[in-house]
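Here is what each chain is made of, one letter per residue.
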Amino acid sequence: MSETDATPAARELRIRKPYFDLIASGIKTVEVRVAYASMRKIQPGQNLDFVCGEERLPTRIVRVSRYTSFEEMLEQEDPIAIGGDLGKNPQELLAVIRSIYPPEKERLGVLAIGVEKVIP
């Protein structure tokens, strides 16, 4: 097998339990992250393992969309796919996201990462 045929190792992302459970249930299909340099390298087709404590959930990235702010991202993305029931109130979801990421992090840019569960 050539180097280009090799599947890269799955990237791991730690995630809080409520969001882990939403991905596991299939409700949450969009993970929001700040566009740190390492995060900007992720690409559709790449495997992504969400990790919460001892639990691991394999997914595959189906798309990566970049935005300048959380507000811009919420104007374009489905808030339910990001936060489950919390997405029914986009302003509340925005407040929760901003409680996780302070303004100086948001200024790096925002990534909306579309994922699908990988069935073993």
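The model shown is predicted, which means the values in this text are computed figures rather than measured ones.

Engineer: Explanation requested: the overall build of the protein chain in the structure shown.
Structural biologist: Secondary structure summary: the protein chain contains five helices and five strands in total. Helices and strands appear in the protein chain in the N-to-C order β-α-β-β-β-α-α-α-α-β. Expressed as lengths along the three principal axes of its C-alpha atoms, the size of the protein chain is roughly 50 × 30 × 25 Å. Carbon and sulfur atoms make up 51% of the accessible area of the protein chain, which totals about 7000 Å².

Engineer: Honestly, the environment of Ser-99 in this entry has me stumped. Any pointers?
Structural biologist: Counting through the fold element by element, Ser-99 comes out in helix H4 (residues 90-100). A sequence separation of 57 residues divides Ser-99 from Ile-42, and the C-alpha atoms of the two residues are 24 Å apart. Here the side chain of Ser-99 touches Val-96 through a polar contact of 2.6 Å, landing on its backbone oxygen.

Engineer: Before we go on, may I ask you to explain the environment of Glu-77 in this structure?
Structural biologist: In this structure, Glu-77 sits in the loop between helix H2 (70-76) and helix H3 (79-83). Counting along the chain gives 56 residues from Glu-77 to Asp-21, while the straight-line C-alpha distance between them is 20 Å. Excluding residues within four positions of it along the chain, Glu-77 makes contact with Val-30, Arg-63, Ser-65, Tyr-67, Ile-82 and Ala-112. Engagement of the side chain of Glu-77 in a polar contact is seen with the side chain of Tyr-67, the distance being 2.6 Å.

Engineer: Got a minute to help me understand the nonpolar core in this structure?
Structural biologist: Among soluble globular proteins, nonpolar side chains are generally buried collectively. If you look at the biggest cluster of nonpolar residues, it comprises 33 residues, and the most contacted ones within it are Phe-50, Phe-70, Met-73, Ile-82 and Ile-113. Taken together, the elements giving at least two residues each to this core come down to helix H1 (17-25), strand S2 (30-34), strand S3 (47-52), strand S4 (55-67), H2, H3, H4 and strand S5 (110-117). For this core, the leading source of residues is S5, giving five residues.

Engineer: Please explain the environment of Asp-49 as it appears in this structure.
Structural biologist: Assignment of secondary structure puts Asp-49 in strand S3. Look at Asp-49 and you get buried, because its relative accessible area is 12%. Residues Asp-49 and Glu-12, 37 residues apart in the sequence, show an inter-C-alpha distance of 4.7 Å. Those residues in contact with Asp-49 that sit more than four places away from it in its chain are Ala-10, Arg-11, Glu-12, Leu-13, Arg-56, Leu-57, Pro-58 and Thr-59.

Engineer: I would appreciate a short explanation of H4 in the present structure.
Structural biologist: An α-helix turns once per 3.6 residues; consequently, residues spaced three or four apart project the same way. Residues Leu-93, Leu-94 and Ile-97 constitute the buried set of H4. Each buried residue of H4 lies within a common arc of 100 degrees when the element is viewed along its axis, so the set occupies one face. In H4, the exposed positions angled more than 90 degrees off the buried face are occupied by Gln-91 and Ser-99.

Engineer: Is there a simple way to think about the pattern of salt bridges in this case?
Structural biologist: Side chains that carry opposite charge are capable of pairing whenever their charged atoms lie near each other. This structure, assessed with the given rule, holds eleven salt bridges. For Arg-56, the salt bridge identified is with Glu-12, shortest N-O distance 2.7 Å. Here the residue Arg-56 occupies a position in strand S4, and Glu-12 occupies one in strand S1 (residues 11-14), the gap between them amounting to 44 residues. For Asp-49, the salt bridge goes to Arg-56, with nearest N and O atoms at 3.1 Å. When salt bridges that share partners are traced, they join Glu-12, Asp-49 and Arg-56 into one network.

About the criteria used
Residues numbered from 1 in each chain as written. Predicted model: local features only at pLDDT ≥ 70, side-chain atom pairs only at ≥ 80, totals over all residues. Heavy atoms only, no water. Helix = DSSP H or I, 4+ residues; strand = E, 2+ residues; numbered from the N terminus. Areas by Shrake-Rupley, 256 points an atom, 1.4 Å probe, with all protein chains shown as cover. Polar contact = N/O pair within 3.5 Å; in protein donor to acceptor, adjacent residues only side chain to side chain. Contact = heavy atoms within 4.5 Å. Core = buried A, V, L, I, M, F, W, Y, C linked by side-chain atoms within 4.5 Å. Buried < 20%, exposed > 50% of the residue type's maximum accessible area, 1.4 Å probe, protein only. Arc of directions from axis to C-beta. Salt bridge = Lys/Arg side-chain N within 4 Å of Asp/Glu carboxyl O.

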